[in-house]
Amino acid sequence: MSSLERSSVRPYRGVFPVAPTIFGGNGQLDLEGQKRAIDFMIDAGSDGVCILANFSEQFLLTDAERDAVMHAVLDHVAGRVPVIVTTSHFSTEICADRSKRAQEAGAAMVMIMPPFYGATLRVSEGGIYEFFRRVSDAVSIPIMIQDAPMAGTSMSPAFLARMAKEIANVSYFKIEVAGTANKLRELIALGGEAIEGPWDGEEAITLMADLDAGATGAMTGGAYPDGIRKIIDPYFAGNREEAAAAYERWLPLINYENRQCGLSAAKALMKEGGVIKSDAVRHPLQPLHPETRKGLIEIARRLDPLVLRWGR
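Notes on the structure follow. Computed from a predicted structure; not experimentally measured.

## Description of the sheet that holds strand β8 (residues 170-175)
Taken together, the eight strands give an open sheet; going across it, the order is β1-β10-β9-β8-β7-β4-β3-β2, and neighbouring strands pair in parallel fashion. Of all strands in the sheet, those with a lone pairing partner are β1 (14-15) and β2 (49-51), marking the two edges. In terms of strand pairing, strand β4 (residues 109-112) meets strand β7 (residues 143-147) through three bridges, oriented parallel. Bridging from a neighbouring strand, V110 pairs with I143 of β7.

## Quick look at the state of the cysteines
Scanning the model with the defined rule gives zero disulfides in all. C50 supplies the cysteine sulfur nearest to C95, a cysteine that is in no disulfide, at a spacing of 13 Å. Judged by relative accessible area, which is 0%, C95 ranks as buried.

## Section: unusual backbone geometry
Trans peptide bonds make up most of the peptide bonds, and negative phi angles are found at most residues other than glycine. The omega torsion of the bond from R10 to P11 falls at 0°, within 30 degrees of zero and hence cis. With respect to the helices and strands, P11 occurs in the loop between α1 (3-7) and β1. In this chain, H283 is followed by P284 through a cis amide linkage whose omega measures 15°. Relative to the assigned elements, P284 resides in the loop between α11 (264-272) and α12 (290-303).

## Notes on helix α3 (residues 63-77)
Counted at 1.5 Å a residue, the expected span for α3 with its 15 residues is 21 Å, and the 21 Å between its end C-alpha atoms agrees. By the burial criterion, the buried members of α3 are E65, R66, V69, M70, A72, V73, L74 and V77. Those residues of α3 that are buried lie in contact with α2 (31-43), β2, β3 (83-86) and α4 (92-105). Directly beyond the C-terminal end of α3, a positive phi value near 50° is found at A78.

## As for the environment of A209
Assignment of secondary structure puts A209 in helix α8 (residues 207-212). The residues contacting A209, other than those within four sequence positions of it, are A181 and R185.

## Here we look at the pattern of salt bridges
Counted under the stated rule, the structure contains 23 salt bridges. A salt bridge links R134 to E93; the shortest N-O distance between them is 3.9 Å. A residue pair is termed long-range when its members are at least 10 positions apart, and R134 in helix α5 (residues 125-138) and E93 in helix α4 qualify at 41 residues. Note that E130 is salt-bridged to R133, the shortest N-O span being 2.5 Å.

Rules used in this analysis
- Residues numbered from 1 in each chain as written.
- Predicted model: local features only at pLDDT ≥ 70, side-chain atom pairs only at ≥ 80, totals over all residues.
- Heavy atoms only, no water.
- Pairing = 2+ DSSP bridges.
- Helix = DSSP H or I, 4+ residues; strand = E, 2+ residues; numbered from the N terminus.
- Disulfide = S-S within 2.5 Å.
- Buried < 20%, exposed > 50% of the residue type's maximum accessible area, 1.4 Å probe, protein only.
- Expected span 1.5 Å × (residues − 1).
- Contact = heavy atoms within 4.5 Å.
- Salt bridge = Lys/Arg side-chain N within 4 Å of Asp/Glu carboxyl O.

Next comes the structure, spelled out in structure tokens:
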């Protein structure tokens, strides 16, 4: 199945990596670099892209900058692939407004964490349900609930399945908590057809187990969608052994990104390959230690991902 056949219409499937937000050396948005990063990600086989997520440093952007990135990306992609826009916010009204504006700008989907603030401010299950119901009422595109440790909010498979069945646009789920495969398996069993997109995340570090559990999409880092495709494509084609072999081959790089580099990995690899001019992250985030960056590039070169050749 081609990328176009797999992702241009619902249900969306495949590799939907998170695009980093590109900054110049002065810390300001580099929208031309942003467009190059998106072009690379599409050329590398992304079935779609996600913007303004946690790995996009969304928590370091002003509202005006969020809008600038959103419009620049959606206008530049121009329908080539579906674009997911992260619209998370603690405020129901702000999240609903962000989601509505994303839809109007051309987003295929919005991704949202349950409302939280800081280390201790959480919302009850009833409040979470009402939050997503109100956001759903504001849009007509799918909502992906991001079930991530950052939110510090426990949502059971039964609760997630209930929202999928009862809230019109809640239909995709990015699960990236401990025991993702078991949670995906239970979510699919409880939610049935209401679970349009059971996806995994966390840089695909548990991808094989999650595919075995029924995952149909992976939201990874943005640097090597071609590598993730080498796992997902054979798996979806029914060749699990080929997929497992590819997973074993790419896992050292996936692990290094997940455990050593975090959101800096995509930028470092994109700069190394000439995709972008600057791999700067915004303060108070710190640049990669030179030895950590060296280790990342060393592991990546063994795999020859497109990112290291695209801009040369």
